[in-house]
Amino acid sequence: MTLKQRLALRNWRRRRRHILQADIAHLTARDIAAAAPDHVVMTGDIANVGLPAEFNAAIPWLETLCGSIDREMHNISIVPGNHDALARGCWEAGAARLGLATQSYPWCRRVGPVALIGLSTAVPTLPLLATGRLGAQQIDAAAEILTATAVEGLCRIVLIHHPPGETTKWRRSLTDRHALKNALSTAGAEVVLYGHNHRSEEVRIGSTGILALGVPAASAATGTATEPAGWHAIAIDGGPGAWRATVTLRRLQPTGTFAAEWTRSHSL
């Protein structure tokens, strides 16, 4: 275990385990499964320390979300978070345990009229830092995918862990977010979905005002300084040049059940 992982484990024992709880994660998974979505998207983190046992423990949770895990993961798309990659090789080993086929980033998969473009910002960092980085090669490749899928008339949804905008402190930020925003403004995208902040957020990024949505942690308890667990149900309709997204936040209530907190419609 690296120093970074030992520090993360100490933080988990002292603080995070009281906020992020496995039983709540399972409540969230059951609420998502009950909604029977066409596809589930997860933008990290699966793990807290990046240990093999954490990824093993995640398998029943993922199976609640989308049925039995297989090599294709037909019903769910996952990109890693910084906690999934606290040390070199953590995410690669964890993905193998989950049955995910080896993937390079960016990747693209189609779900009906939607193109999901997965990016990885998960890189090992120094202790006390939680920054992410894409790199020029990944950003350029993503721009090519976005351009090609636009020609096909698909609704392009980018999946990323670190926020692409200015919504977090520098030590937790995406270090090359400005290069990403420039690429998104040039190539275009309809929606960016991200995690990391553990908050439900709606922001517009880039010169074209692309909709970016942040999501709460799936395992966050009520009554803490962190937003309670929640997830976004997103319905896409319309067509090329006139896509629309209807977003509903379902939130954990003090009673231990989930309820719709708000629904908003966005022109994309």
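Rules of the game
Residues numbered from 1 in each chain as written. Predicted model: local features only at pLDDT ≥ 70, side-chain atom pairs only at ≥ 80, totals over all residues. Heavy atoms only, no water. Core = buried A, V, L, I, M, F, W, Y, C linked by side-chain atoms within 4.5 Å. Buried < 20%, exposed > 50% of the residue type's maximum accessible area, 1.4 Å probe, protein only. Helix = DSSP H or I, 4+ residues; strand = E, 2+ residues; numbered from the N terminus. Contact = heavy atoms within 4.5 Å. Axes fitted to C-alpha atoms, helices over the stretch in contact; angles between N-to-C directions. Parallel < 35°, antiparallel > 145°, perpendicular 65-115°, else oblique. Left-handed = near helix turned anticlockwise from the far one by under 90°. Nonpolar A, V, L, I, M, F, W, Y, C, P; charged D, E, K, R; others polar.

Caption draft 1: Spatial organisation of the nonpolar core. Core analysis: the biggest nonpolar cluster contains 27 residues, and Ile46, Leu65 and Trp91 have the highest contact counts within it. Residue assignment for this core shows that the elements contributing at least two residues are helix H2 (22–35), strand S1 (40–42), helix H3 (52–66), strand S2 (76–78) and helix H4 (90–98). Broken down by element, the residue count for this core peaks at 6 residues, all from H3. What isoleucine 46 contacts, discounting residues up to four positions off in sequence, is Phe55, Ala58, Ile78, Asp84, Trp91 and Leu98. Membership of the second largest hydrophobic core comes to 23 residues, among which are Leu134, Ala142, Leu184 and Tyr194.

Caption draft 2: Looking closely at the packing of helix H5 (residues 136–151) against helix H6 (residues 177–187). Across the interface, H5 lies against H6 with an axial gap of 9 Å and an inter-helix angle of 20°. With respect to H6, the element H5 is oriented roughly parallel. Helix-helix and strand crossings are classified by hand; for H5 and H6 the assignment is right-handed. Across the interface between the two elements, Ile139, Ala143, Leu146 and Thr147 of H5 pack against Ala179, Leu180, Ala183, Leu184 and Ala187 of H6. Of the residues contributing to the contact of H5 with H6, the split by class is 8 nonpolar, 1 polar and no charged.

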